[in-house]
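Structural description and commentary
In case you want the letters, here they are:
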Amino acid sequence: MERIETASPPRVPSNLGGRWIAWNHERSKIVANGTTLAEARAAARLAGEARPFLTKAPDPNVRFVGGLR
């Protein structure tokens, strides 16, 4: 059986924690960021990325603990 290698996206730097991240369309490089979704989208378009993939980076000071039993 043939194994298919997939590239994982680069890690988000800790200084971008809690901010909106705009990745290039291939999700291989961060092209912009912002404090709001609209700000990150506008910055990505200014950087030349017409179809950015937007996501919010987790805040590095917040930990998730617990869950359902």
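This write-up is about the structure you can find in this document. (Residues numbered from 1 in each chain as written. Predicted model: local features only at pLDDT ≥ 70, side-chain atom pairs only at ≥ 80, totals over all residues. Heavy atoms only, no water.)

**Description of the nonpolar core**
As a reminder, the rule being used: Here, nonpolar core refers to any group of buried Ala, Val, Leu, Ile, Met, Phe, Trp, Tyr and Cys residues whose side-chain atoms link them within 4.5 Å. Under the scheme applied here, a residue whose accessible area is under 20% of the maximum for its type counts as buried, over 50% as exposed, and between as partly exposed, the area being computed with a 1.4 Å probe on protein chains only. Whether two residues are in contact is decided by their heavy atoms: any pair within 4.5 Å suffices.
The biggest cluster of nonpolar side chains holds 5 residues, and these are Ala22, Ala32, Ala40, Ala44 and Leu54. Every residue in contact with alanine 40, bar those within four places of it in the chain, is listed here: Trp20, Ala22, Ala32, Asn33, Gly34 and Leu54.

**What to know about the side chain of asparagine 24**
How we decide: Helix and strand labels come from DSSP, where a helix needs a run of H or I of at least four residues and a strand needs a run of E of at least two; each type is numbered from the N terminus. Polar contacts, as counted here, are pairs of nitrogen or oxygen atoms within 3.5 Å of one another; within protein the pair requires one atom able to donate a hydrogen and one able to accept it, and residues that are adjacent in sequence qualify only if both atoms are side-chain atoms.
For asparagine 24, the position within the fold is in the loop between strand 1 (20–23) and strand 2 (30–34). Under the relative-accessibility criterion, asparagine 24 is labelled buried at 9%. A distance of 2.8 Å separates the side chain of asparagine 24 from the backbone nitrogen of serine 28, its partner in a polar contact.

**Quick word on the pattern of salt bridges**
Short version of the rule: Just to be clear on terms, a salt bridge is a Lys or Arg side-chain nitrogen sitting within 4 Å of an Asp or Glu carboxyl oxygen.
Applying the stated rule across the entire model yields 1 salt bridge. Where glutamate 39 meets arginine 19, a salt bridge forms, and the shortest distance between an N and an O atom there is 3.9 Å. Here glutamate 39 is found in helix 1 (residues 37–46), whereas its partner arginine 19 is found in the segment before strand 1, with 20 residues between them in sequence.

**Brief notes about the packing of aromatic side chains**
Inclusion rule: Any Phe, Tyr or Trp ring, taking Trp's six-membered ring, that has another such ring centre within 6.5 Å forms a pair; planes under 30 degrees apart are called stacked, those over 60 apart edge-to-face, and the others tilted. Counted as over-ring charges are cases with an Arg CZ or a Lys NZ within 6 Å of the ring centre that also lie within 35 degrees of the ring normal.
Summed over the entire model, instances satisfying the criterion amount to 0 aromatic pairs. A cation over an aromatic ring shows up here: arginine 27 above the ring of phenylalanine 53, its NZ or CZ 3.6 Å from the ring centre.

**Examining the sheet that holds strand 3 (residues 53–56)**
Selection criterion: Between any two strands, pairing holds if DSSP finds at least two bridges. Lines fitted to C-alpha atoms define the axes, with helix axes restricted to the stretch in contact, and inter-axis angles between N-to-C directions lie between 0 and 180 degrees.
Spatial ordering of the open sheet is given by 2-1-3, a layout of 3 strands whose pairing is antiparallel. Sheet topology places strand 2 and strand 3 at the edges, where each strand pairs with a single neighbour. Adjacent strand axes in the sheet meet at a mean angle of 25 degrees, parallel and antiparallel pairs treated alike. Two elements, strand 1 and strand 2, share 4 bridges in a ladder whose sense is antiparallel. The residue of strand 2 that forms the bridge with tryptophan 23 is isoleucine 30.

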